[in-house]
Amino acid sequence: EKLKNTGNVNGVILPGIKEGKWKDKIPRAQSDDIPCPNQDSSLYSDLESRCGSTQRPWNPDGENLLWKNWDFPIFLINDGNTTAKLYDCYAEHNTGPEATTWPLCSVELKSPMYAAKDSETCYRRSNIIVSIEPQDYCEPLSDYNLYYFQTPRNGTQPDGRSFVQKEKSVAVVLARMDALNIFDKEEVGFDSPTTGIVTLIATAQAIKKALIRSYKPDYENIMFMLVHGESLDYIGSNRIVYDMMQEDFPMKLSKDLQSNGILKNGTQALFNLTNIKYIVELGQLANTQSSEMYYHAHNTNEDIIGIINRLSASPLDIKKSTRTVLPPSSSHTFLKKMPDIPILFISNFDQQYSNVYFHSIYDNALVHNYKYSAGENQRIVQHLTQIATALADALVFAAAADTQSTPKADPGIINSMLECFAETRNCSLYRDVGRPRNFPYVGIVSDEPFAQYISVHSSFHTTMTKQIFQYFTADVVEQEEEECGDVDSCQKQCLMRNKDQMVYRYQFMVGPDCHNQTGAFCGVCYKSTVFEKLARSPAFEPDVWKTYDFTSNEYPTWTESYWKSISGRMFLQPSPAIQHTTLAIGLTLTLLSLPLTYFLQKKSSIIFEDGASVTGAAGSNTPAPVAL
Amino acid sequence: MDLQSRKVTNEMKVDLCSKYFMIGFAFLPFVWLVNAVWFFKEGFVKEEFEGQQKIKKYVILSGIGSLIWTIGFISWIVIFDQNRVAWGATADYMSFNIAVGKP
């Protein structure tokens, strides 16, 4: 901040800590977000409540790098060779007794961005159609939310009547799916969101394995949701709430009826905010500093108390938070539209984040002491297993009347998921859940995990998360008597079952037994109730944005600028004296050449003596000889 | 057309000058500018001939016309350039090309 204010800084290069000269030189604490994350979309209107307390805000290490306007490029360079070269060039040419008065070793950073001013302006400009080659300036942030219903929701009951979901009959478990920091494609967060995603999926799988045969009278289902874009003023949850209020969740039923039953093979009943019994939200869960867990409860009622009691009775070390306000969480979005929903927010912090690297490039597996090769018994895996087991148990205890067994989370799958999300995309779980004609069986598989940033289109992170979720909660479709043929035709037959229905999602994945060193040779058809829904702010809906007041803060309006290629180069710069001299010579030559040319042209008859070569020169008065 | 050629009569010159003057009223200031420059020598430098008064009149009027247009253009360009950012949406709807990366 201070450096920026001097006005002398033209660009910043940050050397990466993964390899090279600065390997493992991780700062003590670093957060790119603000001390009170998502404060403008908070449920509360006063700053004190938004921050937890202004003296001790939720994210004390927040340096607000993300939301400031930097008018110079900031580059992160991970490659050890490049950072070494940069340093050596500087040491050799710019320092020492022979150093020049100008920066001999210089770097040029190019990062051209097309958008300017604000989202409203750049989005409006992108939509003005004036020529046949319209220019785009920015795009709204967008990806997909994922949701999973424990029990399939067939819209038509066995007796033919249509199913209507009862009020306050569905327990909801929620976690965010995205990470954020200032460097593009480097957004991988271990504590936030990976621990939440992994624990949520493990809880769902544990409940599925326990096999709920019937619910208690006031419960009809349990829903799990992974919402995207929550780091940016709750994009995903805003969209879900909007869809629910527009009667568009899980899909637009009225449209289906109008078009003569596009989903004639099965629909789902509508679901909206009134069907939510309570929300259990999973925040940051890593036990890097201590295994103590906290719950922050809002609108506490007997259901919530029941869950709390059951959690407290489990081996999990969980205490009530000493704060009275709800930390920044997706639940805020739901509460703004329906203020009486009971909320239970579970996290690893009481008053301030225990994660000192929230929303920064340093929130990684290394810093949280996770390594896949350390196996299921390492601290973090055991800790998340404990949370998932306790939560699954508490939910089943509250909701189920009859189950086959008590739920227990599987540490093996937690370890597998952590490997893929936080260590490398070249992991065994991605090979099990991959589709045979997609990643990882097609394309290059590098060693970095997928970025978890929402970006402006669907991402590998979302797609693979969805497939992992389906894999762990789906039933295998038994193959009929005759073989379905080769991989492609098997896949086609499996996906055909998705036609005209929205009760189940059939996914064709390779599975654990169908791949070897050379690739995938067969696949399995999975029948799941995991769905995806567009997560883009309602403000950019075609019938909303033209009249939407962008200053109203009702919906998030984050967009990403279009940009041309980003590059940098290093070179040795000649001295200012030489540059000025070159310019002066050039100018002089140009200025001299004008009168010189004129002079040559005027006196051409004298200078060029051969008469026959005179053609149309101005000022020539000698008549050309005429042949007789 | 070469006005120096003997085939071009004075009547034709006057006719041409007046035609150009009339055409310029169709929002064509450049036609007026061409008219003024092209017939300047005819109107003011050459010796007196039949109809030269008319040519003088047209040249002067064409010159004034194109000058007014020029002043108008320059004024609008300066005003728009200074106020484009402040005018926001209105200015965007008036623009054919909006620069990338600038407010």
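Here we summarise the structure given alongside this text.

This part takes up the overall build of chain B. The helix and strand tally for chain B stands at 5 helices and 0 strands. A compact globule built from 103 residues should have a C-alpha radius of gyration of about 13 Å, whereas chain B, at 20 Å, is more than 25% larger. Oriented by its inertia axes, the alpha-carbon framework of chain B measures out at about 60 × 20 × 20 Å. By the burial criterion, 30% of the 103 residues in chain B qualify as buried. Distance from the positive charge centre (11 side chains) to the negative charge centre (9 side chains) of chain B: 3 Å.

Glancing now at unusual backbone geometry. Residues and elements named next belong to chain A. With omega at 10 degrees, the peptide bond leading from Ser192 into Pro193 counts as cis. Following the sequence through the fold, Pro193 ends up in helix α5 (residues 190–210). Pro250 follows Phe249 through a cis peptide bond whose omega is -5 degrees. Locating Pro250 in the fold gives a position in the loop between α6 (235–245) and α7 (253–258). Non-glycine residue Asn38 carries a positive phi angle of around 55 degrees. Within the secondary structure layout, Asn38 lies in the loop between β1 (12–15) and α2 (47–50).

Moving on, we get to the sheet that holds strand β18 (residues 524–528) of chain A. All names here are of chain A. Reading across the sheet, the 3 strands line up as β14-β18-β15 and stay open at both edges, with antiparallel pairing between neighbours. Since the sheet does not close on itself, it has two edges, and those belong to β14 (475–476) and β15 (505–509), each with one partner. As defined by bridge partners, β14 adjoins β18 across 2 bridges and the pair is classed as antiparallel. Across the sheet, Val476 pairs through a bridge with Tyr526, a residue of β18. Most of the contacts of helix α14 (residues 487–496) go to β15, to which it runs at about 170 degrees, and overall it touches β15 and β18.

Right, let's get into the state of the cysteines. All names here are of chain A. Inspection of every chain in the model, using the stated rule, returns 7 disulfides over all chains. The residue that forms a disulfide with Cys36 is Cys51, at a sulfur-sulfur distance of 1.8 Å. Between Cys36 and Cys51 the sulfur-sulfur dihedral comes to about 90 degrees; the bridge is accordingly right-handed. With a gap of 15 residues between them, Cys36 in the loop between β1 and α2 and Cys51 in the loop between α2 and β2 (74–77) connect regions that are remote in the sequence.

Quick look at the layout of surface pockets now. One simple way to see leftover space: roll a probe sized like a water molecule over the atoms. All names here are of chain A. Of the voids in this model, the second largest pocket is the one considered here, and its volume is about 1100 Å³. For the second largest pocket, the lining is made up of 43 residues, of which Lys185, Glu186, Val188, Pro449 and Ala451 are closest to its centre. Looking at the lining of the second largest pocket, the elements with two or more residues in it are α11 (411–423), α13 (460–473) and β20 (559–561). Of the residues assigned to the lining of the second largest pocket, the class counts are 18 nonpolar, 10 polar and 15 charged.

Moving on, we get to the packing of aromatic side chains. Residue and element names in this part refer to chain A. Summed over all chains, the structure comprises 43 aromatic pairs over all chains. Aromatic pair Phe439 and Phe460: ring centres 5.7 Å apart, planes at 55 degrees, arrangement tilted. With Phe439 in the loop between α12 (428–433) and α13 and Phe460 in helix α13, the pair connects residues that are 21 residues apart, well separated along the chain. Relative accessible area serves as the criterion here: at 48%, Phe460 is assigned to the partly exposed category. Ring centres of Tyr548 and Tyr555 lie 5.7 Å apart, and the angle between their planes is 25 degrees; on these two criteria the pair is classed as stacked.

What counts as what
- Each chain carries its own residue numbering, running from 1 in the direction its sequence is written.
- Here the convention is simple: chains get letters from A, ligands get numbers from 1, in the order in which they are written.
- In view of the model being predicted, local features appear only for residues whose pLDDT reaches at least 70, and side-chain atom pairs are presented and counted only at 80 or more, with totals across whole chains, interfaces and linings using the full set of residues.
- With hydrogens and water excluded, all non-hydrogen atoms of the structure serve as input to the side-chain values.
- Strands are runs of DSSP state E lasting at least 2 residues, helices are runs of H or I lasting at least 4, and numbering of each runs from the N terminus.
- When we talk radius of gyration, it's over C-alpha atoms, and the globule rule is simply 2.2 Å times the number of residues to the 0.38.
- Here the term buried applies to any residue with accessible area under 20% of the maximum for its type, exposed to any over 50%, and partly exposed to those in between, with areas from a 1.4 Å probe on protein chains only.
- Lys and Arg are tallied as positive, Asp and Glu as negative. Neither His nor the chain termini are counted.
- We put the charge of a Lys on NZ, of an Arg on CZ, of an Asp on CG and of a Glu on CD.
- Two strands qualify as a pair provided that DSSP identifies no fewer than 2 bridges between them.
- Contact definition: two residues touch when any of their heavy atoms are within 4.5 Å.
- Note on geometry: axes are lines fitted to C-alpha atoms, helical ones only across the stretch in contact, with angles between N-to-C directions running from 0 to 180 degrees.
- Cysteine sulfurs are considered disulfide-paired once they come within 2.5 Å of each other.
- In this analysis the probe radius is 1.4 Å and the grid spacing 1 Å, with only protein atoms considered; a cavity is a set of points the probe fits into but cannot get out of, a pocket is an open set with protein on both sides within 12 Å along at least five of seven lines, and lining residues have an atom within 4 Å of a point.
- Grid points are joined across faces, edges and corners, and a volume is the space filled by probe spheres set on the points.
- By the convention adopted, Pro, Cys, Tyr, Trp, Phe, Met, Ile, Leu, Val and Ala count as nonpolar, Lys, Arg, Asp and Glu as charged, and the other residues, Gly among them, as polar.
- In summary, the pairing rule links any two rings of Phe, Tyr or Trp, Trp by its six-membered ring, whose centres are within 6.5 Å, and it sorts them by plane angle into stacked for under 30 degrees, edge-to-face for over 60 and tilted for everything else.

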